[in-house]
Amino acid sequence: MTVALRTRTRACTRTRTRTLIASGGAVLVAVALTGCGSTDAVDAPVENKSFAFSGKTLTIDTSNTTLELVPADVKKVEVTRQVDGWVVLGNGPDPSWTMQDGTLTLKVKCAALISNCDSRHQVKVPRGVAVTVRGDNGRIVASGFDTPLDLHSDNGRVTVRDSSGPLKLGSDNGGIVAEGISGSSVTAESDNGAVRLGFTAVPTLVDTASDNGGVVIELPGGSTSYAVSTETDNGNTSVEVPRSDDSPHVVKARSNNGEVTVRSAN
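Keep in mind that this is a model prediction, so the values were computed, not measured.

Undergrad: Could you give an account of the pattern of salt bridges, with specific residues and numbers?
TA: On inspection of all chains with the given rule, the structure shows eight salt bridges. Residue Arg 127 is joined to Asp 73 by a salt bridge in which the shortest nitrogen-to-oxygen separation is 2.7 Å. Pair noted here: Arg 127 is in the loop between strand 8 (103–126) and strand 9 (130–135) and Asp 73 is in the loop between strand 6 (66–72) and strand 7 (77–100), with a separation of 54 residues, a long-range link. On the basis of relative accessible area, Arg 127 is assigned to the exposed category, the value being 52%. You can call Asp 73 exposed: its relative accessible area is 70%. One salt bridge connects Glu 218 with Arg 263, and the closest N-O pair in it is separated by 2.9 Å. Of the two residues, Glu 218 sits in strand 18 (residues 215–219) while Arg 263 sits in strand 22 (residues 260–264), which places them 45 residues apart along the sequence. Relative accessible area serves as the criterion here: at 30%, Arg 263 is assigned to the partly exposed category.

Undergrad: Break down a negative patch on the surface for me, citing the residues and quoting the values.
TA: Taken together, the side chains of Asp 136, Asp 154, Asp 172, Glu 189, Asp 191 and Asp 211 define an acidic patch exposed on the protein surface. Within the secondary structure, Asp 211 sits in the loop between strand 17 (205–210) and strand 18. Classification of Asp 211 by relative accessible area gives partly exposed; the value is 37%.

Undergrad: Outline the packing of aromatic side chains, listing residues and values.
TA: Considering all chains together, one arrives at one aromatic pair under this definition. Judged by centre distance (6.4 Å) and plane angle (75 degrees), the rings of Phe 51 and Trp 97 are edge-to-face. On the criterion of sequence distance, the pair formed by Phe 51 in strand 4 (residues 47–51) and Trp 97 in strand 7 is long-range, its members being 46 residues apart. For the pair formed by Phe 51 and Trp 97, the shared burial category is buried.

Undergrad: Tell me what's going on with the side chain of Thr 261, and back it up with residues and numbers.
TA: With respect to the helices, strands and loops of the structure, Thr 261 is situated in strand 22. The exposure class of Thr 261 is buried, given its relative accessible area of 14%.

Undergrad: Tell me what's going on with the environment of Val 131, and back it up with residues and numbers.
TA: Relative to the assigned elements, Val 131 resides in strand 9. Taking the C-alpha atoms as reference points, Val 131 and Leu 149, 18 residues apart in sequence, are found 5.1 Å from one another. Not counting residues within four places of it along the chain, the set of residues in contact with Val 131 comprises Leu 58, Ile 60, Leu 69, Val 125, Phe 145, Pro 148, Leu 149, Asp 150 and Leu 151.

Undergrad: Run through the confidence of the model for the protein chain, naming residues and quoting values.
TA: Confidence in the prediction of the protein chain, expressed as mean pLDDT, is 85, and 80% of residues score 70 or more. For the stretch residues 1–11, pLDDT sits under 50, and the model shows 41 contacts to residues farther than four places along the chain or on other chains.

Undergrad: Can you explain the environment of Gly 221? Please cite residues and give values.
TA: Note that Gly 221 resides in the loop between strand 18 and strand 19 (227–232). Overall, Gly 221 belongs to the exposed group, its relative accessible area being 55%.

What counts as what
- Residues numbered from 1 in each chain as written.
- Predicted model: local features only at pLDDT ≥ 70, side-chain atom pairs only at ≥ 80, totals over all residues.
- Heavy atoms only, no water.
- Salt bridge = Lys/Arg side-chain N within 4 Å of Asp/Glu carboxyl O.
- Helix = DSSP H or I, 4+ residues; strand = E, 2+ residues; numbered from the N terminus.
- Buried < 20%, exposed > 50% of the residue type's maximum accessible area, 1.4 Å probe, protein only.
- Patch = residues over 30% accessible without salt bridge, like charges linked within 9 Å, V, L, I, M, F, W, Y side chains within 5 Å.
- Areas by Shrake-Rupley, 256 points an atom, 1.4 Å probe, with all protein chains shown as cover.
- Lys, Arg positive; Asp, Glu negative; His and termini not counted.
- Charge placed at Lys NZ, Arg CZ, Asp CG, Glu CD.
- Phe/Tyr/Trp six-rings, centres within 6.5 Å; stacked < 30°, edge-to-face > 60°.
- Contact = heavy atoms within 4.5 Å.
- pLDDT = per-residue confidence, 0-100.

Now the structure itself:
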C-alpha cells in the first residue's frame, strides 16, 4: 500500500483467509478484513497551497473530491485540502493539485481492489473572477459569488447559496439546489436528481429540467407576472405565481419523471 505525503491513512491491520468447499467440490477463498475503519476527511491533516492567477475566468477540473468555492480578498487562488483513506491491493489515496493555463486541477486517485477514500478541497477565488467547474465525482458547493458560475458534476450534488451572478448548473447524477439567488438568469439541469431554486430577486430567465426528479422554483412574492411553461411526462404540475405570456420574465420547468412546482417564496 502506498500513501501520499501528509494524508491520513487508516491501514487495514489484519487480513484473514479461509478456504471453503462448495457443493460440487469447488474451492472458495473468503477474505476477512479487520481494523480498516471508516474515513472522514474533515478530521484529516490540512494542507494549503497558493497558485498565481491573472485571468477573468478560473476553470477547475476535479476528480473524487468534495469541492467548496468561496470568493475572497486574495490575489492568488488559495487551496486547502484534506484527504483520508485506506486501500487493499492497490494504491492511494494519491492527491494532486496543479495550475496550468488558467485551469486548476484537483484530483485524488484511490485505485485498489478494496478501498475507502474521502477528500475535500476548499478554493478561495479572487473577487471578480468567474468560475467554471467540471467535477468527475463529488459534490460542489459555492457561496457568496457575484460573478458567473458554470458548475457541473458527473456524480454529485451541486449547491449554490447567496449568489447574484448568472448560473449554469448541471449534474449527471445528483440534485441541484440554489438558495438565496438574485441573478438575472439561471439554467439548471439534472439527469438524475431533483432541482430546487429559491430566488430573492425577480429573474429574467429560468430554464430547468430533470430527467428523473421533481422541479421546484420559488420566486419573489408580489405582482410581477411570469411567462411560465411547465412540462412533465410523469407527475403533477402546479403554478402559483401571476402569469402572462407577454412577460419579459421567462420561467421554464420540465421533468420526465417528477412533479413540477412554480410558486411564490414564503
